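Reading the structure
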Amino acid sequence: MTTDTHPQPPEIDTQTDERVMSRAALRGWRRRCPSCGSGPLLQGYLKVRHSCAVCGEELHHHRADDGPPYLTLLIVGHIIGPAMLWFFIAYEPDPYTFMAIFMVAAVALSLWFLPRLKGVIVGVQWAARMHGFGHTGT
């Protein structure tokens, strides 16, 4: 009979539910709860709800911070930049017309992408069990 003098590490609480990253990210893109896909993720334009109204999943753990604006700028810049170059070469517009068209387009695209990308980041964090999303009954 052998006695083990080394302390055993505490049991890691592995969740039995599977969290698929792509499904959670897609639900976040649709601005829905990453857990159930039914409840709204956002309260207002960008504020993440404290918990899901349908399944009760706590959502306040998220740490989206600067990720959504950065990704929005990255994506919108890659859409608007080539579009500006093409439009300018193809039509040689008046500078004020050119600025008006592309300033409005950049703002509209940014406003459309920002809440969706925030949802994606919250969904990815939920699926990866980051920032407290892995703990139950907290």
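See the structure printed just above.
Let me sum up the structure you'll find in this document. As the structure is a prediction and not an experimental result, all values here were calculated from the model.

One pass over the structure, following the stated rule, counts 0 disulfides. The thiol of C33 is not disulfide-bonded; the next cysteine sulfur, from C52, is found 3.7 Å away. Take C36: it sits in no disulfide, and the sulfur closest to it among the cysteines is that of C52, at 3.7 Å.

Positive phi, normally seen in glycine, also occurs at R31, with a value near 60°. Topologically, R31 is positioned in the loop between α1 (21-29) and β1 (42-43).

So, about the packing of α1 against helix α3 (residues 95-127). The geometry of α1 relative to α3 is characterised by a closest axis approach of 7 Å and an angle of 150° between their N-to-C directions. In terms of axis orientation, α1 runs roughly antiparallel to α3. α1 and α3 meet at a crossing whose hand is right-handed. Side by side, α1 and α3 meet where M21, A24, A25, G28 and W29 of the first sit next to W112, F113, R116, L117, G119, V120, G123, V124, W126 and A127 of the second.

Before going further, it helps to examine the side chain of H61. Note that H61 resides in the loop between β2 (47-48) and α2 (67-91). Here E58 takes part through its side chain, which lies 3.3 Å from a polar atom of the side chain of H61. Apart from residues no more than four positions distant in its own chain, H61 is found in contact with H131, G132 and F133.

A surface patch of nonpolar side chains, amounting to about 280 Å² of accessible area, comprises Y45, V107 and L111. If you trace the backbone, L111 turns up in helix α3.

Moving on, we get to the side chain of E57. By the secondary structure assignment, E57 is in the loop between β2 and α2. In this structure the side chain of E57 is engaged in a polar contact, spanning 3.2 Å, whose partner is the side chain of W126. What E57 contacts, discounting residues up to four positions off in sequence, is R19, C33, S35, H50, S51, C52, W126 and F133.

What counts, and at which threshold
Residues numbered from 1 in each chain as written. Predicted model: local features only at pLDDT ≥ 70, side-chain atom pairs only at ≥ 80, totals over all residues. Heavy atoms only, no water. Disulfide = S-S within 2.5 Å. Helix = DSSP H or I, 4+ residues; strand = E, 2+ residues; numbered from the N terminus. Axes fitted to C-alpha atoms, helices over the stretch in contact; angles between N-to-C directions. Parallel < 35°, antiparallel > 145°, perpendicular 65-115°, else oblique. Left-handed = near helix turned anticlockwise from the far one by under 90°. Contact = heavy atoms within 4.5 Å. Polar contact = N/O pair within 3.5 Å; in protein donor to acceptor, adjacent residues only side chain to side chain. Patch = residues over 30% accessible without salt bridge, like charges linked within 9 Å, V, L, I, M, F, W, Y side chains within 5 Å. Areas by Shrake-Rupley, 256 points an atom, 1.4 Å probe, with all protein chains shown as cover. Salt bridge = Lys/Arg side-chain N within 4 Å of Asp/Glu carboxyl O.

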